[in-house]
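Chain by chain, the residues run as shown.
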Amino acid sequence: MKLDGCTALITGASAGLGREFARQLAGRAETLLLVARRKDRMEELRAELTRSFPRLNVQVFESDLSRIEQVEQLGKELERDGLRIDFLINNAGLGDRGHFATANPQRVQDMLLVNTVALTALTRRYLPAMIAQKRGAILNVSSCASFLPMKSFAVYAATKAYVTSFSEALRMEVADSGVTVTALCPGPVHTEFDDVALRPNEPQQKAPEFTYVSAEQVVRHALKGVESGRPIIIPGFAMKLSMTIVRLMPAPFLRLTSRLAR
Ligand SMILES: NC(=O)c1ccc[n+]([C@@H]2O[C@H](COP(=O)([O-])OP(=O)(O)OC[C@H]3O[C@@H](n4cnc5c(N)ncnc54)[C@H](OP(=O)(O)O)[C@@H]3O)[C@@H](O)[C@H]2O)c1
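First, a word on what this report is: a plain description of the structure on this page. (Residues numbered from 1 in each chain as written. Predicted model: local features only at pLDDT ≥ 70, side-chain atom pairs only at ≥ 80, totals over all residues. Heavy atoms only, no water.)

Counting 36 residues, the largest nonpolar core has Ile10, Phe21, Leu25, Leu32, Leu34 and Phe87 as the members making the most contacts within it. Elements with a minimum of two residues in this core: strand E1 (7-11), helix H1 (16-25), strand E2 (31-36), helix H2 (39-52), strand E3 (57-62), strand E4 (87-90), strand E5 (136-141) and helix H7 (215-227). Take this core: its biggest share by element is 6 residues, from H7. With 34 residues, the next largest nonpolar core counts Leu94, Ala103, Met111 and Val174 among its residues. (Core = buried A, V, L, I, M, F, W, Y, C linked by side-chain atoms within 4.5 Å. Buried < 20%, exposed > 50% of the residue type's maximum accessible area, 1.4 Å probe, protein only. Helix = DSSP H or I, 4+ residues; strand = E, 2+ residues; numbered from the N terminus.)

Shown next as structure tokens:
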């Protein structure tokens, strides 16, 4: 789908990749609907975008996507405003680094709710209208973590395995309907993600610097991939190559290398 003139709903628009999606779509979209908890950040972004693009319609929705009733409320508000969303970017997400046995149960629940439940609920809400209009694109922000079980990142990787699997299956269901579904699977990106995923009093564990891809590059690849209807996007040569190898690896070998990894 060509993204010019689209009405895009971007979750997690207050930081990182979500904010970058808004910036890169600003010169092309007609309407941007920004969703996250930090309203002040999104208001700043709205001011920045409308300064550069005065005709752009930017609306801000404060919503905690770990609260089912707020996800419902968001849907109702958007419906009341009569907005026709043709580009849904399910981007909001969070991680939690450390062993599962010592995880904060509330954090685990929030991760499940934001990364999978809210994403599924928003997709269910907007997909039927896209199919009826024979026009739409859904971009689910997954991760390279979706391709392999990861110790000390067990729940996060499992939520992203859900996102990639769900996106692939949905894509098959809507084939030839005019709607595309894409899973974006980045490797490490410098955003607030690592700080949010860090538990108190635990040392920061970062991937080697050469595996990082900039948010600007991730989003550029993603938007191009959506426009060409790609199923899965893995930005960056290093991650694309390593994930190709991972996906070809026999399970016992994958288990062994994952166990030996840092
Ligand atoms: N950075 C990476 O290395 C990396 C790699 C692969 C995949 N990803 C994925 O990329 C996506 C974006 O992450 P990022 O790197 O941009 O991280 P980020 O800088 O931490 O941004 C996360 C966004 O999600 C929003 N969010 C978190 N919890 C929320 C909640 N309960 N309700 C509403 N919004 C919530 C945050 O907004 P508020 O806090 O204002 O609510 C923020 O806008 C995530 O799905 C992440 O899993 C990131």
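The discussion continues.
The next point concerns the site of the ligand. Neighbouring residues of the ligand: 29 residues in total, closest Ser14, Arg37, Asn91, Tyr156 and Thr191. For the ligand, a nitrogen atom lies 2.9 Å from a polar atom in the side chain of Asp64. Phe193 places a main-chain nitrogen or oxygen 3.4 Å from an oxygen atom of the ligand. Elements with a minimum of two residues in the shell around the ligand: H1 and helix H5 (154-173). Its residues assigned to classes, the shell around the ligand shows 13 nonpolar, 11 polar and 5 charged. (Near = heavy atom within 4 Å. Polar contact = N/O pair within 3.5 Å; in protein donor to acceptor, adjacent residues only side chain to side chain. Nonpolar A, V, L, I, M, F, W, Y, C, P; charged D, E, K, R; others polar.)

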